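Spelled out from the first residue to the last, the chains are:
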Amino acid sequence: YSDEVGKIIITQIAQDLGAHYEAAAAYNSLGAVYGAQERCELALECFQRSLDVRQKLGNLYEIGQSSTNMGTALSCLERWSDAEVRYKEAREIQERIGDRYGKAHTLQDLAWLYLDRGQMKAAKATFLNVLEHCEQIKDRIGVALVHGGLGTLYQRQEQWNEALDHLKQSADLCEEVGAY
C-alpha cells in the first residue's frame, strides 16, 4: 500500500474502534438506567450487548465491568446462580488484570447476593473478605459500604449489638469522607 492508502486504512480502523467503544458505553449506560428503574430484563439485554462489543474489542477491564453489571441485572431477576457465575467471572478477570477496586465492587455485590439468598455464612465470609481488601487498598467508602452490609446481615440475624456496631462504623466513615 502507498502511505496515503495506509493512512486511510488506519483512520477507518480507528473510527470503527471508536464507534464500537461508544456503542459499548451507550449500551452499558442504558443498562444502568434500566436497572435503576428496576426494568431488569432490559438492563440485562443492554449489559449483554455491551459485553458482546467489549469482548470483540478485547478490553478485559471493561469485560469485567460488564460481567459485574450483568450479575446485578441477573440478581434483580432473582436468577441467583447465573448472577453468581457472572460475578465470579468478573472477579477472575479483575484479579488477572489487577483491578483492585473493580474486584472490591464485584465481591461486595456477591456478598449481597448471598445475603439476599439467605446464605448468611457465605455472605459474612465474603463481606469480611471485601472488608480486608478495601482496607488494604485504602478504600474508605468501600469499607463504609461493607460495614453497612455487615450491619444488615447482623440485623437480619437479630444480633442487634453487632448490627449497631457495624452500622455506626458505616455512618461514621460516610460522614468522615463527606458521603453523608
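Residues numbered from 1 in each chain as written. Predicted model: local features only at pLDDT ≥ 70, side-chain atom pairs only at ≥ 80, totals over all residues. Heavy atoms only, no water.

Core analysis: the largest hydrophobic core is formed by 32 residues, its most contacted members being Leu 110, Leu 113, Leu 115, Phe 127, Val 146, Leu 150 and Leu 153. Among the elements of the structure, helix 2 (40-57), helix 3 (60-76), helix 4 (80-97), helix 5 (100-116), helix 6 (120-136), helix 7 (140-156) and helix 8 (160-176) are those that each provide at least two residues to this core. When sequence neighbours within four positions are dropped, the list of residues in contact with Leu 153 reads Leu 115, Met 120, Ala 123, Lys 124 and Phe 127. (Core = buried A, V, L, I, M, F, W, Y, C linked by side-chain atoms within 4.5 Å. Buried < 20%, exposed > 50% of the residue type's maximum accessible area, 1.4 Å probe, protein only. Helix = DSSP H or I, 4+ residues; strand = E, 2+ residues; numbered from the N terminus. Contact = heavy atoms within 4.5 Å.)

Right, let's get into unusual backbone geometry. One non-glycine residue, Glu 38, lies in positive phi territory at about 60°. Tracing the chain through its elements places Glu 38 in the loop between helix 1 (3-36) and helix 2. The phi torsion at Lys 138 lies on the positive side, around 60°, for a residue other than glycine. Within the secondary structure, Lys 138 sits in the loop between helix 6 and helix 7. Residue Lys 138 is classed as exposed on the basis of its relative accessible area of 68%.

Inspection of every chain in the model, using the stated rule, returns one disulfide. Covalently, Cys 40 is tied to Cys 76 through a disulfide, its sulfur atoms 1.6 Å apart. A residue pair is termed long-range when its members are at least 10 positions apart, and Cys 40 in helix 2 and Cys 76 in helix 3 qualify at 36 residues. A residue is classified by how much of its surface remains accessible, and Cys 76, at 37% relative accessible area, is partly exposed. (Disulfide = S-S within 2.5 Å.)

Helix 3 packs onto helix 2 with a crossing angle of 160° between their chain directions and a minimal axis gap of 9 Å. Comparing their axes, helix 3 and helix 2 come out roughly antiparallel. Crossing geometry of helix 2 relative to helix 3 is assigned as left-handed. For the pair formed by helix 2 and helix 3, the contact residues are Cys 40, Ala 43, Leu 44, Phe 47, Gln 48, Ser 50, Leu 51, Arg 54 and Gln 55 on the first element and Glu 62, Ile 63, Gln 65, Ser 66, Ser 67, Asn 69, Met 70, Ala 73, Leu 74 and Cys 76 on the second. By residue class, the composition of the contact of helix 2 with helix 3 is ten nonpolar, seven polar and two charged. (Axes fitted to C-alpha atoms, helices over the stretch in contact; angles between N-to-C directions. Parallel < 35°, antiparallel > 145°, perpendicular 65-115°, else oblique. Left-handed = near helix turned anticlockwise from the far one by under 90°. Nonpolar A, V, L, I, M, F, W, Y, C, P; charged D, E, K, R; others polar.)

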